[in-house]
2 protein chains.
Amino acid sequence: MSEEYKVTPWEVTGEVDYEKLIREFGVSPLTDDLVSRFRKIFGELPSEISRKLFYAHRDFDVILDKVESGKKIYLYTGRGPSGPMHIGHLFPFVFTKKLQTMLNTELFIQITSDEKFLYHRNIGREEIFEYTIDNIKDILALGFDYKNTYIIDDLRAIQYLYQIAVSVAKRVTFSTAKAVFGFTHDTNIGMIFFMSIQAAPSFIGYFINDKYEGCLIPAAIDQDPYWRVTRDIATKIKLPKPAQIHGKLLPGLKKGIKMSASIPETSIYLSDSPEAVKKKIWEAYTGGQPTIELQRKYGGDPDKCVVFSYFKFLFEDSDDKLRERYEACKSGELTCGECKRELIDRINKFLEEHRRRKEKITDEYIEKYLINNKVDLENHIRQYKLLR
Amino acid sequence: MSEEYKVTPWEVTGEVDYEKLIREFGVSPLTDDLVSRFRKIFGELPSEISRKLFYAHRDFDVILDKVESGKKIYLYTGRGPSGPMHIGHLFPFVFTKKLQTMLNTELFIQITSDEKFLYHRNIGREEIFEYTIDNIKDILALGFDYKNTYIIDDLRAIQYLYQIAVSVAKRVTFSTAKAVFGFTHDTNIGMIFFMSIQAAPSFIGYFINDKYEGCLIPAAIDQDPYWRVTRDIATKIKLPKPAQIHGKLLPGLKKGIKMSASIPETSIYLSDSPEAVKKKIWEAYTGGQPTIELQRKYGGDPDKCVVFSYFKFLFEDSDDKLRERYEACKSGELTCGECKRELIDRINKFLEEHRRRKEKITDEYIEKYLINNKVDLENHIRQYKLLR
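Being a predicted model, the structure only gives us computed values, none of them experimental.

## A look at the interface of chain B and chain A
Now for step 1: Taken together, the 37 residues of chain B in the interface contact 37 residues of chain A.
Now for step 2: Put simply, the parts of the chain that give the side of chain B that touches chain A at least two residues each are α6 (113-119), α7 (125-140), α8 (154-157), α9 (162-169), α10 (174-181) and α11 (189-199) of chain B.
Now for step 3: Across the side of chain B that touches chain A, the residue classes tally to 18 nonpolar, ten polar and nine charged.

Here it is as structure tokens:
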């Protein structure tokens, strides 16, 4: 019954079997025990955890140990600016913001403008520059505080990453990169090197503030190959292994296709008009029956419904109400039309507010977040004198 | 009769057959015709050209065309700071300084601290930092003017190179890097990427001053593989191909061995004491006969003599006097002992003066040369907006 799927940092296709992915990637499931510890430590559970939308991890238990014993850890996540952002791209940032508040700590957001330039044969530098600014505005519209948030735009802030990158790169052979990322002899040498750049923020916190004793990376699970190599190198350069908490990907509106910039109908863009949202959701794949009569009789299958996923990922804060919706669908009480209308309404309200917040974010405002303006370079580089 | 030799950017062993190297590398010989043009254009001939110590090239004729038609070209050369510098390392810089004066242009000196860190398993960052400063002092002791000389220390100035580097790296596959540099699956991904960093100064001039219409790289011929790839990429990113003029390597004091940091007896270090110089030259390989009697009878072979090479490369300004020494050796009039004594004297005088000049070069003085202090980064990065 399960379809073919593929999950790499650059491509996700097919219907992802998340349980299988845990075994394939060699990560650990987020157990009920860990969820309980999370609630105990922080006194609350973000919906992304209670619903296991962030569902797998590497060393998340170690992070909880550290937090419990009063040690400081920082957060790191990122975004590849290869196009405008859709709602699925925003999801890990929503969770990251909650984590940042709970941990009361600093966050490093890497914008991998170099990677996107290197990867896409047909995307030019000017487009990357524009998407970088636009994406940063979308991210900052979520309300990150410049006082504890650093934006690292690789193409403009490489000087903050390169010291660590060479220390990582020195310990990664082409064989390893090939095995982990599936590179071939036709891969360009920039892509081959790039993992060193993505690894760098996993360690940068220690060179900015020596209070840190750990780094936690909340990100979509497709990025796991990067962390796998980074963790191996951490030991070799005598720095803490970064821990990860892995998110699921918001499913595409069409069955079995990840939201993708190349297929705009599969996703709700943050710039989509109310009409576009209406049309896309109306045409989305659901778990419902072909007719209202059959729906009333047999009920729908919310577990296979994209519309339900949207509620679950982003558009229903209350776990209780989500459960009610789930039951109402299964019992046939709720029809796909009603459900879609409600979702369209919520998405459009969210997008309207989002765009209002985004409009206020000027180029000058972004400057306050850039690591270039927050960390004195000369002093910073001196910190790396002893890095192996 | 010819021995095995090997010339790569990281290793030169055996007695180099420079004529064969021209064919192997696919470069052009510096013809008498080009030498005449050089004299005609500049009104003088540096000894490195008249003696064909810089003896091969790529597009040097194109550079002469441009100079003749009044177009501005800039210079680029470099140094890998993996240890203290010896006299052979200084040789291309001596020539570069003459070229800079004749062309009245700007020079970019790249210090490949990243490469040396990536290449040498056992050299740590702190050592690289120290060698970087020490090597820069040796180079600047030759008298480069800070007003038209930029030093780019990769580990501290990567932000000035990375924009170009990603544009280069995007067009170089692992296959190409493997074929040109002999990389294997065990090569680290930093070394694989590094050619993009060494390529960058070949183009940086155009983004600093739009008056430039060409770049000339005077360097030892072992660096040619870098330029071969860089020139291919130039076409793809619509920038002028950098031209090269290739120097021979000052032979090691022991037969058939390049001066090497790992074998200190093969070279005269810039820090060598007068006694050390005396001992090394006294023990150097010559083209002389085993006894004075045989020398008087058959004469020596200056073409196979390291001591004569030292005069030819660095310690005899006058072409006439060099020719006299050559003839006197061949005729048996001059003995190895006399020749060595004279060389020891000249080297020690040079080193004494060099170290006096070097002592005056403080860390503050170096700052005036660093690209970091000469070029405003934010404005500079903006120049790359349209780079493909």
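## Looking at the domain arrangement of chain A
All names here are of chain A.
Now for step 1: Segmentation of chain A into domains returns domain 1 (5-253) and domain 2 (264-359).
Now for step 2: Domain 1 and domain 2 are separated by 28 Å when their C-alpha centres are compared.
Now for step 3: Between domain 1 and domain 2, the contact holds 18 residues from the first and 20 residues from the second.
Now for step 4: The greatest single-element share of the side of domain 1 that touches domain 2, amounting to four residues, is contributed by helix α5 (residues 87-103).
Now for step 5: When the residues that make up the side of domain 1 that touches domain 2 are grouped by side-chain class, the tally is ten nonpolar, five polar and three charged.

## What to know about the sheet that holds strand β4 (residues 54-58) of chain B
Residue and element names in this part refer to chain B.
Now for step 1: Judged by pairing direction, the sheet is mixed, and its seven strands sit side by side in the order β3-β4-β9-β8-β5-β6-β7 without closing on themselves. Either end of the sheet is taken by a strand with one partner, and the two such strands are β3 (28-29) and β7 (149-153).
Now for step 2: In the sheet, strand β8 (residues 212-220) pairs with strand β9 (residues 243-247) via five bridges, with the strands oriented parallel. Paired with L216 across the strands is A243, a residue of β9.
Now for step 3: Where helix α13 (residues 224-236) meets the sheet, its contacts fall on β4, β8 and β9, and the angle it forms with β9 comes to roughly 170 degrees.

## A word on the relation of the copies chain B and chain A
Now for step 1: Placing chain B over chain A gives an RMSD of 0.0 Å and needs a rotation angle of 180 degrees, together with 0.0 Å of translation along the axis. Considering both components of the superposition, the chain copies are consistent with a two-fold axis.
Now for step 2: A share of 100% of the interface residues of chain B reappears at the interface of chain A, consistent with the copies meeting face to face through the same patch.

## Let's talk about the packing of helix α16 (residues 306-315) of chain B against helix α18 (residues 336-359) of chain B
Helices that pack against each other are described as a pair by the angle of their axes relative to one another and the distance between those axes.
All names here are of chain B.
Now for step 1: The geometry of α16 relative to α18 is characterised by a closest axis approach of 10 Å and an angle of 35 degrees between their N-to-C directions. Like other packed secondary-structure pairs, α16 and α18 cross with a definite hand, here left-handed. Facing α16, whose interface residues are V307, Y310, F311 and F315, α18 presents C336, C339, K340, L343, R346 and I347.
Now for step 2: Class assignment of the residues belonging to the contact of α16 with α18 gives a composition of eight nonpolar, no polar and two charged.

Scoring rules and cut-offs
Residues numbered from 1 in each chain as written. Chains lettered and ligands numbered in written order. Predicted model: local features only at pLDDT ≥ 70, side-chain atom pairs only at ≥ 80, totals over all residues. Contact = placed C-beta atoms within 7 Å. Helix = DSSP H or I, 4+ residues; strand = E, 2+ residues; numbered from the N terminus. Nonpolar A, V, L, I, M, F, W, Y, C, P; charged D, E, K, R; others polar. Domains from an automatic or database assignment. Pairing = 2+ DSSP bridges. Axes fitted to C-alpha atoms, helices over the stretch in contact; angles between N-to-C directions. Least-squares fit on C-alpha atoms with pLDDT ≥ 70 in both. Left-handed = near helix turned anticlockwise from the far one by under 90°.

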